[in-house]
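# Structural overview for review
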Amino acid sequence: REKLMYLFAFIVSLVLLCISVPIFLVFGIGSSLAAILGLNLPWSVLIQVSFGALTKHVLIAVPLFIFAGSAMLRGGAATRLVHFATTLVGHWPGGLGIAMVISMGFFAAFCGSILAAITAVGTIMMPKMIEQGYPRPFVVTLAASAALLEALIPPSNAAILFSALTNVPVSQTFAAGMIPGIILLFLMIAVVLFKCSDIKGSQKATGYERLIAGKNAMPALITPGIILGGIYAGLLTPSESAAIAGLWALIMGFLVYRELTLDGLLKCLKETAAITAVIFAIIATATFLSVVLTYTQLPQKIITYFTNLGAGIYFFWFALALICLILGTFIEIVPVFYLTVPIFAAIVVSLNQNLLHLYVVFVAFAGIGMITPPVCVGIYTAAGVIREDPSRAFKEVPLFVGVGIFYGILMIFLPVTATWLPNLLR
């Protein structure tokens, strides 16, 4: 009877997913059916576990970083960053594309939302690129792909969620994503140079223009130093640094750049509330699944299976890559985190591998789902910025998926990229 209940819960979840029911309801309904009907657990157990997951102190940083990114978008910081990057490389062949990737990297260093990065930088750069002759489908896909830098370059909401699931210190997870994020940034630049070498850059900025652009962007450029410096100096917790980032964003918006209005602040708060509600709804219901996994001891059974199979570590990494690619195609990255990381983390520990290596490899492959149909929220967001038909951008997706897979494989064979900096800062 118990197995039949699990099968019934799985079928219900699959049907709900196929008819486009919101993912938090898929988690909640399917897992609660398995817990209540299969394991005979009372509702109170699920509610207690869910409440405990939502009240982890580290998760306070999530809405604070989202707010900081939104305030910097409306307060003028994003505009100054983009202009500075354009004065540096805009005259190169494919220069505007490179400037957009660099701007995404800068913005990722103080923004906690991938979609906010697409909106902030894309709103400014994408129309300029199209005016200069860049193909619209390529522009959309590049913006969606470059925003994946946010998942790696600290501070990152992906790192915060990973730490909440694995109990790895957030400061360590932040550090683990730094070098892989820079490597991904250079790969994105290489793609632009390969595809857009025949597109002439804009007029080269003078030294004085670069100096002025750098001066105007300086308050935004020092933001990562304020956030990360406070953490690694031991002065601030990640949550406190997120609060400082939000306060600094308000100071820039109201006093430095003077572009943030009270109406803009209200929109920032509404946007933060909406995005946070989505993330926390997923976290709340995904913990129902963790209850089922705990009581059925599924992670331990999978570990035993791998041990008996005699599979090597690379078999595990490539199996993880395949699972993340498949799930990422149909489910957004936050649900994929809560669906798989608890199981993957247990296996990684049993294989004597580093959890920080898991974080980087996981994000590399699960993040590809941002640009792969049918979900591809990155593509839809970027296309919405310039009111482009998202389906037209799909022809450029294979190139970026190929680059993403190459990057992910590189991370599998180079764990030192994820572990060297955390070990240095420990």
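Residues numbered from 1 in each chain as written. Predicted model: local features only at pLDDT ≥ 70, side-chain atom pairs only at ≥ 80, totals over all residues. Heavy atoms only, no water.

Moving on, we come to the overall build of the chain. Summing up its helical and strand segments, the chain has 21 helices and zero strands in all. In terms of overall dimensions, the chain is globule-like: its C-alpha atoms have a radius of gyration of 22 Å, near the 22 Å expected for 426 residues. Taken along its principal axes, the extent of the C-alpha atoms in the chain is 75 × 45 × 40 Å. Evaluated residue by residue, the chain yields a buried proportion of 55% over its 426 residues. The contacts in the chain between residues at least 6 apart in sequence include a share of 80% that link residues at least 24 apart. Summed over all atoms, the accessible surface of the chain reaches about 17,900 Å², with 70% contributed by carbon and sulfur. If you average the places of the 20 positive and of the 13 negative side-chain charges in the chain, the two averages end up 3 Å apart. (Helix = DSSP H or I, 4+ residues; strand = E, 2+ residues; numbered from the N terminus. Rg over C-alpha atoms; globule rule 2.2 N^0.38 Å. Buried < 20%, exposed > 50% of the residue type's maximum accessible area, 1.4 Å probe, protein only. Contact = heavy atoms within 4.5 Å. Areas by Shrake-Rupley, 256 points an atom, 1.4 Å probe, with all protein chains shown as cover. Lys, Arg positive; Asp, Glu negative; His and termini not counted. Charge placed at Lys NZ, Arg CZ, Asp CG, Glu CD.)

One pass over the full model with this rule turns up six salt bridges. In this structure, Arg136 and Glu388 form a salt bridge, with 2.6 Å as the shortest nitrogen-oxygen distance. Within this pair, whereas Arg136 is found in helix H8 (residues 136–146), its partner Glu388 is found in the loop between helix H19 (377–385) and helix H20 (397–413), the two being separated by 252 residues in sequence. Looking at Glu388, the relative accessible area reads 9%, which means it is buried. A cluster of three or more residues bridged by salt bridges with shared partners is formed by Arg136, Glu388 and Arg392. (Salt bridge = Lys/Arg side-chain N within 4 Å of Asp/Glu carboxyl O.)

Before going further, it helps to examine the packing of aromatic side chains. Tallied over the full model, the rule gives nine aromatic pairs. Ring plane angle 75° and centroid distance 6.3 Å describe the contact between Trp43 and Phe288, whose orientation is recorded as edge-to-face. Of this pair, Trp43 sits in helix H3 (residues 43–54) while Phe288 is found in helix H14 (residues 262–296), placing the two residues 245 residues apart along the sequence. Judged by its relative accessible area of 8%, Phe288 is buried. Seen from their ring centres, Tyr314 and Phe413 are 5.0 Å apart, and the 25° between their planes marks the pair as stacked. Of this pair, Tyr314 sits in helix H16 (residues 313–330) while Phe413 is found in helix H20, placing the two residues 99 residues apart along the sequence. (Phe/Tyr/Trp six-rings, centres within 6.5 Å; stacked < 30°, edge-to-face > 60°.)

Together, Tyr232, Tyr314, Phe318, Ile409, Phe413, Leu414, Val416, Trp420, Leu424 and Leu425 make up an exposed nonpolar region whose accessible area comes to about 920 Å². Secondary-structure elements contributing two or more residues to the nonpolar patch are H16, H20 and helix H21 (416–425). Take the nonpolar patch: its biggest share by element is four residues, from H21. Given a relative accessible area of 40%, Tyr314 falls into the partly exposed group. (Patch = residues over 30% accessible without salt bridge, like charges linked within 9 Å, V, L, I, M, F, W, Y side chains within 5 Å.)

The next subject is helix H5 (residues 77–89). Relative to the 18 Å expected for 13 residues at 1.5 Å per residue, H5 spans 19 Å between its end C-alpha atoms, a close match to the ideal helical length. Buried within H5 we find Ala77, Ala78, Leu81, Val82, Phe84, Ala85, Thr86, Thr87 and Val89. (Expected span 1.5 Å × (residues − 1).)

The topology assignment puts Ala85 in helix H5. C-alpha of Ala85 to C-alpha of Leu161: the two residues are 76 residues apart in sequence and 30 Å apart in space. Ignoring any residue separated from it by four or fewer positions in sequence, one finds Ala85 in contact with Gly90, Ala99, Ile102 and Ser103.

Here we come to the environment of Thr166. Structurally, Thr166 can be placed in helix H9 (residues 157–166). Exposure remark for Thr166: the relative accessible area of 14% places this residue in the buried category. Sequence separation of Thr166 and Pro342 is 176 residues, and the distance between their C-alpha atoms is 7.2 Å. Discounting chain neighbours no more than four positions away, the residues touching Thr166 are Val341, Ala345 and Leu355.

The next point concerns the layout of surface pockets. A volume near 1,100 Å³ is recorded for the largest pocket. Forming the walls of the largest pocket are 36 residues, and the residues nearest its centre are Phe10, Leu289, Leu293, Leu298 and Leu339. The element best represented in the lining of the largest pocket is helix H1 (residues 2–18), accounting for nine residues. Taken together, the residues of the lining of the largest pocket break down into 28 nonpolar, five polar and three charged. The volume enclosed by the second largest pocket comes to roughly 550 Å³. A per-class count over the lining of the second largest pocket returns 22 nonpolar, five polar and two charged. (1 Å grid on protein atoms, 1.4 Å probe; cavity = no way out; pocket = protein on both sides within 12 Å on 5 of 7 lines; lining within 4 Å. Points joined across faces, edges and corners; volume = space filled by probe spheres on them. Nonpolar A, V, L, I, M, F, W, Y, C, P; charged D, E, K, R; others polar.)

What follows concerns empty space enclosed by the protein. Enumeration over the complete set of coordinates arrives at one cavity of 30 Å³ or more. In this structure, the largest cavity occupies an estimated 150 Å³ of space. As for the largest cavity, its lining consists of 14 residues, of which Leu148, Leu184, Ala364, Ile368 and Gly404 are closest to the centre. Of all the elements in the fold, those that place two or more residues in the lining of the largest cavity are helix H10 (170–196), helix H18 (355–366) and H20. A total of three residues in the lining of the largest cavity trace back to one element, the largest contributor, which is H20. Of the residues belonging to the lining of the largest cavity, the class tally is eleven nonpolar, three polar and no charged.

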